[in-house]
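The primary structure of each chain is shown beneath.
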Amino acid sequence: MRTRVLTVVLAFAVLAVAGFAVPLLGVTATQRTEQLVAARAADLDRFAGLADQAAESGDTGALTAETTRYTELYGEAVVVVDARRAPVVQTGGMRAADPAVARLVDAALRNQPVSPGGTLRPWSRGGKLLARPVGTGTRVSGAVVLRASVRDAADDIALRWALVLAGAAMFAVACVLLARAATRWVVRPLHHLDRAVGALAAGLPAEHARAGGPPELRQLATGFNRMADAVTTALEQQRRLVADTSHQLRNPLAALRLRIDSLQPRLPASATRTYTGVTGELERMEHLLDDLLALANAEHRAGELAVTGERQAWCDATAVAAAQAQLWRPVAEQAGVRLEFAPGPVVLMTCTEGELAQVADILLDNAIKYAGEGARVESRCFADGPDAVFEVRDDGPGLATAELTQAGIRFWRSERHRDVRGSGLGLAIAEQLVAGHGGRVEFATADPQGLCVRVVLPRAGHGASGPKGCTA
């Protein structure tokens, strides 16, 4: 917005400067040209008077001496001819036979007005020819032609133009400074409001937007502050409710588990199935509570990263993935799944080791649970252009094409996996952790069968691209 406002204001400033500067430059050049012509017209009148006296007396000495001295002083050539176009005086290398001089002599002998024509410019050079008839309007006895030097006049025009352009530039700079100040006055409250909106959208306590700028923006900032206070209060109450609920639920669940465990030795064999179902439900509730808290923390962390723009953390994704695969190998063997890690070059990923380890745990846990006994699960890390990729593939039943778009939805589970232990929150947690660092989680069908899950994050270093094994 600031750039657009400045562009519009500067466009008007340029038009305003051009509107008064261009005519002023033209007037300056015209005035200096007229001054030159007026000064040389006086000299021509003097030479015409001397030529008239010489024609009457027949003595050209005074005329010759005056024109010669004039040429020596000012470097401007003078030609005087009589009524028969015969040269009387020729100085400065100019000759009456020159075509341009001859045309002016003809016009002067016919007593026609001769206009020098043309306005001087700073780059004008050479000379300007001026002519006067000798004698009166009824009796023309000759003509005088003077070649005036325009160098000094052009230099004066250049100086005056420089002053005009300098003034125009100062005016333009003043317009720029005024426009910057005005746009800063208008836009600065919008920047504060934008930061406050970003913090509020991320679920963080929103700082109050400064009520500055025009009255409309001050009113908007005041209204936003009231809304932010109400939303922040509601979010804080929600967080406290989750925290208090989790705390209050953990203690009763722990006490209930102790009581149920203490009842086990006293239960008859016929109650074993019921006992197993109760403990299973307790475990499911405990896992669900843990996942809800993990999801809340992941959302809060993603909001912080989205507002602050923090991208400084990075880790060796290959090393973290290898370590997590080693930790999950006993679990996979117990489930009858072959877990492998494909070693590769060092891949630096923009996230912390703890966050990547948590995401890897979620993906490996899902792959081992849902791939089925006898399946093969492979994890690896590689670079793909500017991205670092952590991939987990299996050759199990996978998901249908229509189910791939729902895999990251909270609490969603495939109909085939309803009886498998889990809350349906793991992938949602992983997506929140990855999104906070500007990445994404991709779900695709593995080749030839199974599920391929990729965690794609910006790469913090350089690495070679790994092979591809997923097809959308």
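Throughout this document, residue positions are counted from 1 along each chain, in the order its sequence is written. The predicted origin of the model limits local features to residues at a pLDDT of at least 70 and limits the giving and counting of side-chain atom pairs to 80 or more, whereas totals for whole chains, interfaces and linings rest on all residues. Where side-chain values are given, they derive from all heavy atoms of the structure, hydrogens and water being excluded.

1. As for the environment of T405
Take T405: it is sitting in the loop between α9 (401-404) and α10 (426-435). Expressed as a C-alpha distance, the spacing of T405 and E442, which sit 37 residues apart in the sequence, is 9.4 Å. Comment: elements are numbered from the N terminus, with helices defined as DSSP H or I runs of at least four residues and strands as E runs of at least two.

2. Considerations on the nonpolar core
The tendency in soluble globular proteins is for nonpolar side chains to be buried side by side. Residues enter a nonpolar core if they are buried and are Ala, Val, Leu, Ile, Met, Phe, Trp, Tyr or Cys, with the set joined through side-chain atoms within 4.5 Å. Exposed residues in this analysis have more than 50% of their type's maximum accessible area, buried residues have under 20%, and partly exposed residues fall in between, with area computed by a 1.4 Å probe over protein chains only. Within the largest apolar cluster, 44 residues are counted, with the highest numbers of intra-cluster contacts made by M349, L363, F390 and V455. Membership of the second largest hydrophobic core comes to 15 residues, among which are L50, Y70, V89 and V144.

3. A few points about unusual backbone geometry
Cis rather than trans, the peptide bond between D447 and P448 has omega equal to 10°. Relative to the helices and strands, P448 is located in the loop between β10 (440-446) and β11 (451-458). Here R85, not a glycine, exhibits a phi torsion of approximately 70°, which is positive. The topology assignment puts R85 in the loop between β1 (77-82) and β2 (87-90). On the basis of relative accessible area, R85 is assigned to the partly exposed category, the value being 45%.

4. Considering helix α2 (residues 61-74)
Between its terminal C-alpha atoms α2 stretches 20 Å, which fits the 20 Å expected from 14 residues at 1.5 Å a residue. Listed in full, the buried residues belonging to α2 are L63, T67, Y70 and T71. Viewed end-on, α2 has its buried residues packed into an arc of 95°, placing them on one side of the element. The exposed set on the far side of α2, more than 90 degrees from its buried face, consists of A62, R69, E72 and L73. Looking one or two residues past α2, G75 carries a phi angle of roughly 70°, positive in sign. Helices are assigned an expected span. That span is 1.5 Å times one less than the residue count. It is the directions from the helix axis to the C-beta atoms whose arc is reported.

5. Some remarks on the confidence of the model for the protein chain
Low pLDDT marks stretches whose predicted atomic positions should not be read closely. One number per residue, pLDDT, summarises how confident the predictor is, and it ranges from 0 to 100. In this model, the protein chain carries an average pLDDT of 80, and 82% of its residues clear a pLDDT of 70 or more. A low-confidence stretch, residues 463-469 (pLDDT under 50), is modelled with 19 contacts involving residues beyond four sequence positions or located in other chains. The contact criterion used is simple: two residues touch if any of their non-hydrogen atoms lie within 4.5 Å.

6. Thoughts on a nonpolar patch on the surface
Like-charged residues within 9 Å of one another, or nonpolar side chains (Val, Leu, Ile, Met, Phe, Trp, Tyr) within 5 Å, are grouped into patches, provided each residue has over 30% relative accessible area and no salt bridge. Per-residue and other accessible areas follow the Shrake-Rupley method at a 1.4 Å probe size, with only the shown protein chains counted as cover for residues. By salt bridge we mean one thing: a side-chain nitrogen of Lys or Arg within 4 Å of a carboxyl oxygen of Asp or Glu. On the surface, a cluster of nonpolar side chains totalling about 340 Å² of accessible area is made up of V8, F12 and L15. Looking at the element boundaries, L15 is found in helix α1 (residues 2-57).

7. So, the packing of helix α8 (residues 353-371) against α10
Where α8 contacts α10, the axes come no closer than 9 Å and their chain directions differ by 150°. In terms of their interaxial angle, α8 and α10 are classed as roughly antiparallel. Seen from above, α8 lies across α10 with left-handed handedness. Contact residues: E355, Q358, V359, I362, L363 and N366 in α8; G426, L427, I429, A430, L433 and V434 in α10. A class-by-class count of the residues in the contact of α8 with α10 yields eight nonpolar, three polar and one charged. Here an angle of 0 to 180 degrees is reported between the N-to-C directions of two axes, which are lines fitted to C-alpha atoms, with helices fitted over the stretch in contact. An angle below 35 degrees is read as roughly parallel, one above 145 as roughly antiparallel, one from 65 to 115 as roughly perpendicular, and any other as oblique. We call a crossing left-handed when the near helix sits turned anticlockwise from the far one by less than a right angle, and right-handed when that turn is clockwise. All amino acids are sorted into three groups, where Ala, Val, Leu, Ile, Met, Phe, Trp, Tyr, Cys and Pro are nonpolar, Asp, Glu, Lys and Arg are charged, and the leftover types, Gly among them, are polar.

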